[in-house]
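# Structural description and commentary
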Amino acid sequence: MSLPPATPAPFWPIAAWGVAFILIGATILVWPHRLIRLYVAMLRPMRRVFGRNLIDWEIGLLEGRVAPILVRLFGLFVVVAGGSIFFYRFNA
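Further remarks concern the overall build of the protein chain. In terms of regular secondary structure, the protein chain is built from five helices and zero strands. Projecting the C-alpha coordinates of the protein chain onto the three principal axes gives extents of approximately 60 × 30 × 20 Å. Buried positions account for 23% of the 92 residues belonging to the protein chain.

Our next topic: helix H2 (residues 32-43). An ideal rise of 1.5 Å per residue puts 16 Å on twelve residues; H2 measures up with 16 Å between its terminal C-alpha atoms. Looking only at H2, the buried set comprises Pro-32, Ile-36, Val-40 and Leu-43. Viewed along the axis of H2, the buried residues span an arc of 70°, placing them on a single side of the element. In H2, the exposed positions angled more than 90 degrees off the buried face are occupied by Arg-34, Arg-37 and Leu-38.

Close inspection of predicted coordinates is inappropriate in any region flagged by low pLDDT. Confidence along the protein chain averages 88 in pLDDT terms, with 91% of residues attaining 70 or more. Considering each helix and strand of the protein chain separately, the mean pLDDT is smallest for helix H5 (residues 67-91), with a value of 88, and largest for H2, with 93.

Under the counting rule described, the total for this entry stands at three salt bridges. Here Glu-63 makes a salt bridge to Arg-44, at a shortest N to O gap of 3.4 Å. Of this pair, Glu-63 sits in the loop between helix H4 (52-62) and H5 while Arg-44 is found in the loop between H2 and helix H3 (47-50), placing the two residues 19 residues apart along the sequence. In this structure, Arg-47 engages Asp-56 in a salt bridge whose closest nitrogen and oxygen atoms are separated by 2.9 Å. Sharing partners across several salt bridges, the network here consists of Arg-47, Arg-52 and Asp-56.

Quick notes on the rules
Residues numbered from 1 in each chain as written. Predicted model: local features only at pLDDT ≥ 70, side-chain atom pairs only at ≥ 80, totals over all residues. Heavy atoms only, no water. Helix = DSSP H or I, 4+ residues; strand = E, 2+ residues; numbered from the N terminus. Buried < 20%, exposed > 50% of the residue type's maximum accessible area, 1.4 Å probe, protein only. Expected span 1.5 Å × (residues − 1). Arc of directions from axis to C-beta. pLDDT = per-residue confidence, 0-100. Salt bridge = Lys/Arg side-chain N within 4 Å of Asp/Glu carboxyl O.

As structure tokens, then:
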């Protein structure tokens with residue numbers, strides 16, 4: 001007994017997710033400092049929930065000199081992931 005033939009996934013939803021990942025990654029690459037400040041502003045009220053030490057430690061890491069570089073690397077990873085999603089659909 002053989003399996004039924006696989007139906008290909010629809011193109012546009014997958015392509016849209018690929019483009020969304022590329023745009024999100026590009027935003028991260030362009031504005032790392034704004035996104036870090038936004039995230040720190042979101043973290044400050046969470047001190048009571050997760051504890052002052054943990055949140056202050058994370059904020060200290062985010063305010064360091066290496067944080068924008070790491071955030072940009074993450075943005076580059078997101079762009080590459082979006083490109084692989086998008087171009088996989090062309091080759092499938």
